[in-house]
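# Commentary on secondary and tertiary structure
Given next are the chains, with one letter for each unit.
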Amino acid sequence: MPATPTDTHCPYCALQCAMRLTPEADGHLTVAPREFPTNRGRLCQKGWTAAEVLTVPDRLTRPLVRRDGRLVPVSWDEALDEITARVTALQAEHGHDTVAVFGSGGLTNEKAYQLGKFARVALRTRHIDYNGRFCMSSAAAAGNRTLGIDRGLPFPLTDLAETQAVLLLGSNVADTMPPLVQHLGGVRRSGGLVVVDPRRSATAALTDGGGGLHLQPLPGTDLVLLLGILHLLVVGELADEEYLEARTTGWDAVRRSVAGWWPQRVAHVTGVPEPELRRAAQVLADAAPVHGGRGAMVLTGRGVEQHTGGTDTVSGAINLALALGLPGRPRSGYGCLTGQGNGQGGREHGQKCDQLPGYRSISDPDARRHVAAVWGVRPDDLPGAGVPAVELLDKLGGEVRALFVHGSNPVVSAPNAGGLRERLAALDLLVVCDVVPSETAELADVVLPVAQWAEEEGTMTNLEGRVLRRRRAVDPPGEVRDELVVLADLAARLGCAAPFAVDADEVFDELAAASAGGRADYSGLSHRLLDEAPEVARHWPAPGDGGGTPRLFGQGFAQPDGRARPVAVVPHRPADDLRPDAPVYLVTGRVLAHYQSGAQTRRVPELHRAAGGAFVELHPQLAAGLGIRDGEPVSVTSSRGTATAPARITSSTRPDTVFMPFHWSGPGSANTLTDDSTDPVSGMPAFKVCAVSVAPAATMMEESA
Ligand code: SF4
C-alpha cells in the first residue's frame, strides 16, 4: 500500500469535504483538510476524527453466523454457503420476492450500482430500496415532477457566496455540515439570509446581527408559510411574469391556489408574525433578477421534507423560486441540501425500488432493454418495480422472509423503530454487511465484515451532483472484504450467469455504460478522467468528454418541451396531529458531533465526549408547566412508544414543541416515537413531526406501576 498521502473525501455527509490521509508508523491515518470548492480547506469534527472508525475495538473483521442464539466467527466460505443455501431454499418455496435488499446512501456509486444489479439479476427480486428514501425522496419527487430532474443543487455550491438572498427551509447546516456556512457569509452580511425552522438552531442563529430573519413556524406548517410568501409576491405584482410566461406551463393554477393565503391567515396558522412574513417576501423580491437583484436561492432540507406532505411542501418552494424567476439564472435557483454522503448517487444507480441505473424507470421498456443489454440478461428477466422503504420494511416477516442490509442501521434510523425491531426478528434470514456491529447487525443471522471509505476505491456524488473519487489509503483489517467482491461471489454461488466485476474502476465503466442516455448520465466519466483533474467540476449529466454540467436549466428544464410544470399544492395537517393525550409536537434532527444512526460516530471517543447521549429540548414555559427541571429525565410518549432522556431547557424551541436528536438507540431512541406514515408521492416517512405527551420520567414510572 502507498506510504504516501492519499487524497480523498470525508466518509460522512453529502458535502464530501476534501481531505488528505497520511499513514503513520503505527498504521493509523492522520486526517487533514484539503482545498476544494465545497469545503475550502475546512472539516467539521466528524471529518477530523473519521479515521478512528477504521480501528475501533469492536470493528467487524470476520464473518459471523448465528449458532445457538449467538453470533460466532466462521470462514467466508461457511458464511456465504449458509446464505446461498438459505436464500435458495426460501426462494424455491416462496418465490424470488421473498428476499429483499435494503441499501444505503453511504455506499459508493459502484457499490450502489452493483447492489441494484445483484438484487435484480442474482436474487431476481423486485424488493430493493434504501435508507436514502428517508433522506430526500420528497425533494427528488417534487424536482422530477416540476423541473424534470432530481439533482440536489443544480448549481455549484460556490454560487451561494455570490447570491443576494437565501431562503433556507428546514436545514441546520451549521450543525450538520459546518464548512458550508462559509458560503453563506455574503448573504449573512447583507441581511439576505432567511431561515425557516421551528427551533432557533445554530443555523437560525446565523441570522443574528446581519439583518437576516429567522421564521419560526408551528411544525408542519411550512407549506402555509411558502404559500403566504407567494401570495404576497402575486398580489404585490412582484412575480417575474415574463419568466413565468416563457418558461412554465400551468402557472395560472398556482397563482389561483395562493389567493386564499392572505398574510393574517398565514400568521394565524403558522404563528409567524405578519411583518416577518412581509419582510421575507420583500428580501426575496429585492434579490430577484427581475427587480435588479443579484439573485436568490431557495433551499430545502429534511425539516420541511420529512412529512406526509413533504413533496407538496417542496413543490411550494420550487413554485416560489419560479415566481421569482430564479431557476436557470445566474446565482439563483432552487436546490435541496442532500444529507447522506452519497444520497444523490445512491438513488441514481439502481437502489431505488422503481429505478434502474442512470435514473431510468424500471417500468420503461426502453430503459429495461438498455440496462438488460449491459447486464447480459433478457429484459423480461428483470423484475418490475418494488415498494418504497417503509412499505418494504412493513413486509418483513410476511411477504419478505429474508433481508440483506448493506451499510444501514434501520433499527435506529427508521421511523417507528420499535415495530421494525420485532419484524426483523421475525425474518427467516437477516444478512448484514457492515463495518461495525450496529444495532441492526446485532439482530442478524449472518454478518459480513466489509471494507469502508479509506480502505476502498470508488466514487461518490456530492450534494451538487459532482462526482468525486474515493481512494484507498490503507488495507482493510483481518478478513474484511470489499463489498464488490462479496456481491460477485454471492452472485456466482446463487448460479447467476451474468458477470459481476470486482474492481471499482471496471464497475464504474459498466455503470457509465448503463447510465448512457439516462437522466443521470455518467457515460463520459471514468476513474481515470476523475483522477486526471480532480478539481474540475464533473457534475452529471456528463456524456461525451465528461466535462460535466455544473449548472442546469440555463437553456430550459428537463421536460420534453423545456418548460417547468409547477404544481398547485394545498397544505396537509400532520398525519399524527395534536390531541388531548398528545398535546405537544416532537421534531427530530441531528447534532454536530454525530452522523445519522450514529453507528460510526458514537464509537469515536472524542465525538462521544462531545455528545454522549440523547436529550429532550423543551421550552422553559413548557418545562415549568410540567414541573420538569433541567437535566432531569423526561419521558416522551407517542402512540408508538416512549423514549426517556434528560431535559435540556432552552428557549430555542417553541413552547408547543420538543426536539430530540435521533442518533441513539435504547431508552433515548427518538425513532421509537416517530411516525411511519409516508408521503403518498415520495414514500418518505413523517420523521419530522408527530404528537407526543411529555412528563417527568418519575411520573411516568409511577403511572405505569
Ligand atoms: Fe465535511 Fe460533512 Fe465530513 Fe463534516 S461530516 S467533514 S461537513 S463531509
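Here the structure is a predicted model, which means the values were calculated and not measured.

### Brief notes about the overall build of the protein
Scanning the protein for helices and strands turns up 24 helices and 27 strands. Relative to the globule expectation of 27 Å for 705 residues, the C-alpha radius of gyration of the protein, 24 Å, shows essentially globular dimensions. If one aligns the C-alpha atoms of the protein with their principal axes, the spans along those axes are about 70 × 70 × 55 Å. Within the protein, the fraction of its 705 residues that count as buried is 63%. Taking the contacts inside the protein whose residues are at least 6 apart along the sequence as the reference set, 73% of them involve residues at least 24 apart. Here the protein contributes 67 positive and 81 negative side-chain charges, whose respective centroids are spaced 3 Å apart.

### Quick word on the packing of helix 7 (residues 222-235) against helix 13 (residues 310-323)
Between helix 7 and helix 13, the least distance of the axes is 9 Å, while the angle of their chain directions is 20°. Between helix 7 and helix 13, the crossing angle belongs to the class labelled roughly parallel. As for how helix 7 packs across helix 13, the hand of that crossing is left-handed. Facing helix 7, whose interface residues are Asp 222, Leu 223, Leu 226, Ile 229, Leu 230 and Leu 233, helix 13 presents Asp 312, Thr 313, Gly 316, Ala 317, Asn 319, Leu 320 and Ala 323. Partitioning the contact of helix 7 with helix 13 into residue classes produces eight nonpolar, three polar and two charged.

### As for the environment of Asp 482
Mapped onto the fold, Asp 482 is located in the loop between strand 19 (467-470) and helix 19 (483-493). In this structure, the C-alpha to C-alpha distance between Asp 482 and Lys 111, residues 371 residues apart in sequence, is 9.4 Å.

### Details of the side chain of Asn 131
Relative to the assigned elements, Asn 131 resides in the loop between strand 7 (128-130) and helix 4 (133-147). A polar contact of 2.8 Å, which involves the side chain of Asn 131, links it to the side chain of Gln 340. Sequence-distant contacts of Asn 131, that is, excluding residues within four places in its chain, are made with Phe 102, Gly 103, Ser 104, Gly 105, Gln 340, Gly 407 and Ser 408.

### Quick word on the site of the ligand
All residues in the neighbourhood of the ligand are listed as Cys 10, Tyr 12, Cys 13, Leu 15, Gln 16, Cys 17, Leu 43, Cys 44, Lys 46, Gly 47, Met 177 and Pro 179. Grouping the amino acids of the shell around the ligand by side-chain chemistry returns nine nonpolar, two polar and one charged.

### Regarding the sheet that holds strand 15 (residues 402-406)
Judged by pairing direction, the sheet is mixed, and its seven strands sit side by side in the order 5-4-17-16-15-6-7 without closing on themselves. Each having just a single partner strand, strand 5 (70-73) and strand 7 make up the two edges of the open sheet. Each strand axis lies, on average, 20° off the axis of its neighbour in the sheet, ignoring direction. Both strand 4 (residues 64-67) and strand 5 contribute to a ladder of four bridges, which runs antiparallel. Bridge pairing links Leu 64 to Pro 73 in strand 5.

### Some thoughts on the pattern of salt bridges
Per the stated rule, a full pass over the model turns up 50 salt bridges. With a closest N to O distance of 2.8 Å, Asp 577 and Arg 573 form a salt bridge. On the basis of relative accessibility, which here comes to 51%, the residue Arg 573 falls in the exposed class. A salt bridge links Arg 640 to Asp 675, with the shortest nitrogen-to-oxygen separation between them at 3.8 Å. A residue pair is termed long-range when its members are at least 10 positions apart, and Arg 640 in the loop between strand 22 (633-638) and strand 23 (641-649) and Asp 675 in strand 25 (residues 675-678) qualify at 35 residues. Using a relative accessible area of 4% as the deciding quantity, one classes Asp 675 as buried. Connected through salt bridges with shared partners, the residues Asp 77, Asp 81, Arg 481, Asp 489 and Arg 493 form a single ionic network.

### As for the confidence of the model for the protein
Looking at the protein as a whole, its pLDDT mean stands at 95, while 99% of the residues score no less than 70. The low-confidence segment residues 701-705, where pLDDT is below 50, has zero contacts with residues more than four positions distant or belonging to other chains.

### Some thoughts on helix 7
Across its 14 residues, helix 7 extends 20 Å between first and last C-alpha, which sits within 8% of the 20 Å expected from 1.5 Å per residue. Taken across its 14 residues, helix 7 has twelve buried, putting it largely inside the fold. Every buried residue of helix 7 is listed here: Asp 222, Leu 223, Val 224, Leu 225, Leu 226, Leu 227, Gly 228, Ile 229, Leu 230, His 231, Leu 232 and Leu 233. Glu 237 sits one or two positions beyond helix 7 and adopts a positive phi of about 55°.

Reading the values: rules and limits
- Residues numbered from 1 in each chain as written.
- Predicted model: local features only at pLDDT ≥ 70, side-chain atom pairs only at ≥ 80, totals over all residues.
- Heavy atoms only, no water.
- Helix = DSSP H or I, 4+ residues; strand = E, 2+ residues; numbered from the N terminus.
- Rg over C-alpha atoms; globule rule 2.2 N^0.38 Å.
- Buried < 20%, exposed > 50% of the residue type's maximum accessible area, 1.4 Å probe, protein only.
- Contact = heavy atoms within 4.5 Å.
- Lys, Arg positive; Asp, Glu negative; His and termini not counted.
- Charge placed at Lys NZ, Arg CZ, Asp CG, Glu CD.
- Axes fitted to C-alpha atoms, helices over the stretch in contact; angles between N-to-C directions.
- Parallel < 35°, antiparallel > 145°, perpendicular 65-115°, else oblique.
- Left-handed = near helix turned anticlockwise from the far one by under 90°.
- Nonpolar A, V, L, I, M, F, W, Y, C, P; charged D, E, K, R; others polar.
- Polar contact = N/O pair within 3.5 Å; in protein donor to acceptor, adjacent residues only side chain to side chain.
- Near = heavy atom within 4 Å.
- Pairing = 2+ DSSP bridges.
- Salt bridge = Lys/Arg side-chain N within 4 Å of Asp/Glu carboxyl O.
- pLDDT = per-residue confidence, 0-100.
- Expected span 1.5 Å × (residues − 1).

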